[in-house]
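These are the residues of each chain, in order.
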Amino acid sequence: MLAQYIRDKGMQQGMLLDAQDMLIEVMTERFGSVSGELSEQIKRIDSRERLKDLLRQALRVKNFNEFGKKVVSN
């Protein structure tokens with residue numbers, strides 16, 4: 001039972017890290033780079049749903065600053 005819980009937590013953490021990395025990758029592809037500060041803010045987000053929402057917004061924003069405001073605002 002404990003082993004399953006630990007395994008599930010590890011999987012959840014891995015999926016969260018993947019979502020954070022994908023968001024940073026999309027921003028890098030769209031805008032050329034991502035500041036260390038914004039990367040750190042993204043790495044502090046611990047909700048996959050929030051990261052998915054930001055990923056969708058990353059595809060729609062007009063510029064890097066607009067996206068940065070969305071990360072900070074929520």
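Residues numbered from 1 in each chain as written. Predicted model: local features only at pLDDT ≥ 70, side-chain atom pairs only at ≥ 80, totals over all residues. Heavy atoms only, no water.

J.: Talk me through the environment of leucine 51; I want residue IDs and the actual numbers.
T.: Along the chain, leucine 51 turns up in helix H3 (residues 48-60). Judged by relative accessible area, leucine 51 falls into the buried class, the value being 2%. Those residues in contact with leucine 51 that sit more than four places away from it in its chain are Leu16, Ala19, Gln20, Leu23, Ile42 and Ile45. (Helix = DSSP H or I, 4+ residues; strand = E, 2+ residues; numbered from the N terminus. Buried < 20%, exposed > 50% of the residue type's maximum accessible area, 1.4 Å probe, protein only. Contact = heavy atoms within 4.5 Å.)

J.: Any details on the packing of aromatic side chains? Residues and values, ideally.
T.: Counting across every chain of the model gives 1 aromatic pair. Between the aromatic rings of phenylalanine 31 and phenylalanine 64, the centroid separation amounts to 6.1 Å while the plane-to-plane angle is 75 degrees, which identifies the pairing as edge-to-face. Placement of phenylalanine 31 in helix H1 (residues 2-31) and of phenylalanine 64 in helix H4 (residues 64-73) is noted, with a sequence separation of 33 residues between them. Residue classification places phenylalanine 64 among the partly exposed positions, given a relative accessible area of 23%. (Phe/Tyr/Trp six-rings, centres within 6.5 Å; stacked < 30°, edge-to-face > 60°.)

J.: Go over the side chain of glutamine 41, please, and point to the residues and values.
T.: The residue glutamine 41 is located in helix H2 (residues 36-43) in this model. Excluding its chain neighbours within four sequence positions, the residues that come into contact with glutamine 41 are Val71 and Val72.

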